[in-house]
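The lines below spell out each chain.
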Amino acid sequence: MAAYLIRRLLVSALILLGVSFITFVLLYVLPADPVRQIAGRSATAETVENIRRELGLDRPFLIQYGRYLAGLVQGDLGRSYLQKTEVAELIASRLPATLLLMLGAIAAELVLGLTLGIVAALKRGTMLDQTLMMTSFVTVSAPQFVVGLLLLYVFAVKLGWFPIGGYGSFAHLVLPALTLGILGSGWYSRMMRSSMIEVLRADYVRTARAKGLGRARVVLGHALPNAILPIIAMIGIDIGIFMGGIVVVESVFGWPGIGQLAWQAIQRVDIPIIMGVTLVSAFAIVLGNLLADLVAPLIDPRIKLK
């Protein structure tokens, strides 16, 4: 286990290094000039150059990247060009909202996706199965803003059950989490259906049925724990995606998460914030996959970490 963790941590460090390098290159060659955003349209050429020199943006690429890495090793994500605040503080202030939305969205995905997938597998080949799979195809294809605006119109504007937007209570969480849950449930339901169909054909399931166990006990006690293994890896990926922020959903519902922070930084070409959010997202994806790999053997002891 220790050797496995050390190897994974080394690989994870290399992945994060690659992500930082690629992102830095893309932002370096970006046509937009962050100095112009800071100085304003009426700034003189001398003012622009002074700001560029002060920020170190007049230096060669390798020197800029080296300075960024040196700060990163010390836990310094840089300082926002426009907000004049440490990027780590800005991200930390948005992190609770992002974590809350992530937990709500994953819970909604699992409840909807696993339920539909299990039902479709048990009713394989029937009209219900085909309807559920067609529904899952529609949900994964639907644009986020369309689903979000539709839920807002029905449940917030027309029925008045939930607030139109904002953050601070469980009622504010329901609609954005449900939006992400509906959109992601299609992937989970299709994966769960395929996995469950394969497990239901296994010998141990036939043996359990032959012993006279009830259908619910066979499905929930024998088939589900094995069929759910591929879902764990998907959850790990979703953790990283949600930790990076869901820009569209957060914008529609006015949710003050990391995604909204990233969108504002992109509009203003605030490079330190863009880099910080990207690295946090990459770290979350790496961490989510590692946790998924560590949890899998706990569910199925036959899985060994090598």
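Everything quoted here is computed from the prediction, not taken from an experiment.

A.B. asks: Account for the overall build of the chain, naming residues and giving values.
C.D. replies: Broken down by element type, the chain carries 14 helices and zero strands. Of the contacts formed within the chain by residues at least 6 apart in sequence, a portion of 74% connects residues at least 24 apart. On the chain, the mean spot of the 26 positive side-chain charges and the mean spot of the 17 negative ones are 12 Å from each other.

A.B. asks: A description of the pattern of salt bridges should follow, citing residues and the corresponding values.
C.D. replies: If you walk through the whole model with that rule in mind, you get two salt bridges. Between Arg79 and Glu86 there is a salt bridge, with its nearest N and O atoms 3.4 Å apart. For Glu86, a relative accessible area of 28% puts it in the partly exposed group. Here Arg193 and Asp129 are joined by a salt bridge, their closest N and O atoms 2.8 Å apart. You can see Arg193 sitting in helix 8 (residues 170–200) and its partner Asp129 sitting in helix 6 (residues 127–141), a full 64 residues away along the chain.

A.B. asks: If you had to explain the side chain of Gln260 to someone new, which residues and values would you point to?
C.D. replies: Mapped onto the elements of the fold, Gln260 is located in helix 13 (residues 258–268). Judged by its relative accessible area of 17%, Gln260 falls in the buried class. Filtering out sequence-adjacent residues up to four positions away, Gln260 remains in contact with Arg94, Glu250, Gly254 and Trp255.

A.B. asks: Pulling in residues and values, what's your account of the packing of helix 8 against helix 11 (residues 229–243)?
C.D. replies: Viewed as axis vectors pointing N to C, helix 8 and helix 11 meet at an angle of 160°, and their least axial separation amounts to 10 Å. The pairing of helix 8 with helix 11 is recorded here as roughly antiparallel in orientation. The way helix 8 lies across helix 11 gives a crossing that is right-handed. Here Leu180, Trp187, Tyr188, Met191, Met192 and Ser195 of helix 8 lie close against helix 11, whose contacting residues are Pro230, Ile231, Met234, Ile235, Asp238 and Phe242. Each residue belonging to the contact of helix 8 with helix 11 can be placed in one class, and the counts come to ten nonpolar, one polar and one charged.

A.B. asks: Can you explain the layout of surface pockets? Please cite residues and give values.
C.D. replies: In this structure, the largest pocket occupies an estimated 800 Å³ of space. If you go around the largest pocket, you meet 30 residues; those closest to its centre are Leu55, Leu57, Gln64, Tyr81 and Pro272. For the lining of the largest pocket, the secondary structure elements donating two or more residues are helix 1 (2–28), helix 2 (34–39), helix 3 (45–55), helix 4 (61–73) and helix 14 (271–299). The residue inventory of the lining of the largest pocket, partitioned by class, reads 17 nonpolar, five polar and eight charged.

A.B. asks: Which residues make up the environment of Phe283, and what are the values?
C.D. replies: When you line up the elements, Phe283 lands in helix 14. Of the residues examined, Phe283 reaches a relative accessible area of 47% and is grouped as partly exposed. Distance from Phe283 to Ile91, taken between C-alpha atoms, is 13 Å for residues 192 residues apart in sequence.

A.B. asks: Can you break down unusual backbone geometry residue by residue, with the values?
C.D. replies: Non-glycine residue Val269 carries a positive phi angle of around 55°. Within the fold, Val269 resides in the loop between helix 13 and helix 14.

A.B. asks: Explain helix 3 to me, using residue names and the numbers behind them.
C.D. replies: The complete set of buried residues in helix 3 reads Val48, Ile51 and Arg52. Across the axial projection of helix 3, the buried residues extend over an arc of 100°, all falling on one side. For helix 3, exposure combined with an orientation more than 90 degrees from the buried face picks out Glu46 and Glu54. Positive phi shows up at Gly56, right after helix 3, with a value of about 80°.

A.B. asks: Give me the environment of Ala171: which residues, what numbers.
C.D. replies: Looking at where Ala171 falls in the secondary structure, it is placed in helix 8. Taking the C-alpha atoms as reference points, Ala171 and Thr126, separated by 45 residues in sequence, lie 37 Å from one another. Beyond its immediate sequence surroundings of up to four residues, Ala171 is in contact with Phe162 and Pro163.

A.B. asks: Pulling in residues and values, what's your account of a nonpolar patch on the surface?
C.D. replies: A cluster of nonpolar side chains, Phe145, Val146, Leu149, Val247, Val248, Trp263 and Ile266, forms an exposed patch at the surface whose accessible area comes to about 580 Å². Residue assignment for the nonpolar patch shows that the elements contributing at least two residues are helix 7 (144–158), helix 12 (247–253) and helix 13. In terms of residue count, the dominant contributor to the nonpolar patch is helix 7 (three residues). With respect to the secondary-structure elements, Leu149 resides in helix 7.

What counts and how
Residues numbered from 1 in each chain as written. Predicted model: local features only at pLDDT ≥ 70, side-chain atom pairs only at ≥ 80, totals over all residues. Heavy atoms only, no water. Helix = DSSP H or I, 4+ residues; strand = E, 2+ residues; numbered from the N terminus. Contact = heavy atoms within 4.5 Å. Lys, Arg positive; Asp, Glu negative; His and termini not counted. Charge placed at Lys NZ, Arg CZ, Asp CG, Glu CD. Salt bridge = Lys/Arg side-chain N within 4 Å of Asp/Glu carboxyl O. Buried < 20%, exposed > 50% of the residue type's maximum accessible area, 1.4 Å probe, protein only. Axes fitted to C-alpha atoms, helices over the stretch in contact; angles between N-to-C directions. Parallel < 35°, antiparallel > 145°, perpendicular 65-115°, else oblique. Left-handed = near helix turned anticlockwise from the far one by under 90°. Nonpolar A, V, L, I, M, F, W, Y, C, P; charged D, E, K, R; others polar. 1 Å grid on protein atoms, 1.4 Å probe; cavity = no way out; pocket = protein on both sides within 12 Å on 5 of 7 lines; lining within 4 Å. Points joined across faces, edges and corners; volume = space filled by probe spheres on them. Arc of directions from axis to C-beta. Patch = residues over 30% accessible without salt bridge, like charges linked within 9 Å, V, L, I, M, F, W, Y side chains within 5 Å. Areas by Shrake-Rupley, 256 points an atom, 1.4 Å probe, with all protein chains shown as cover.

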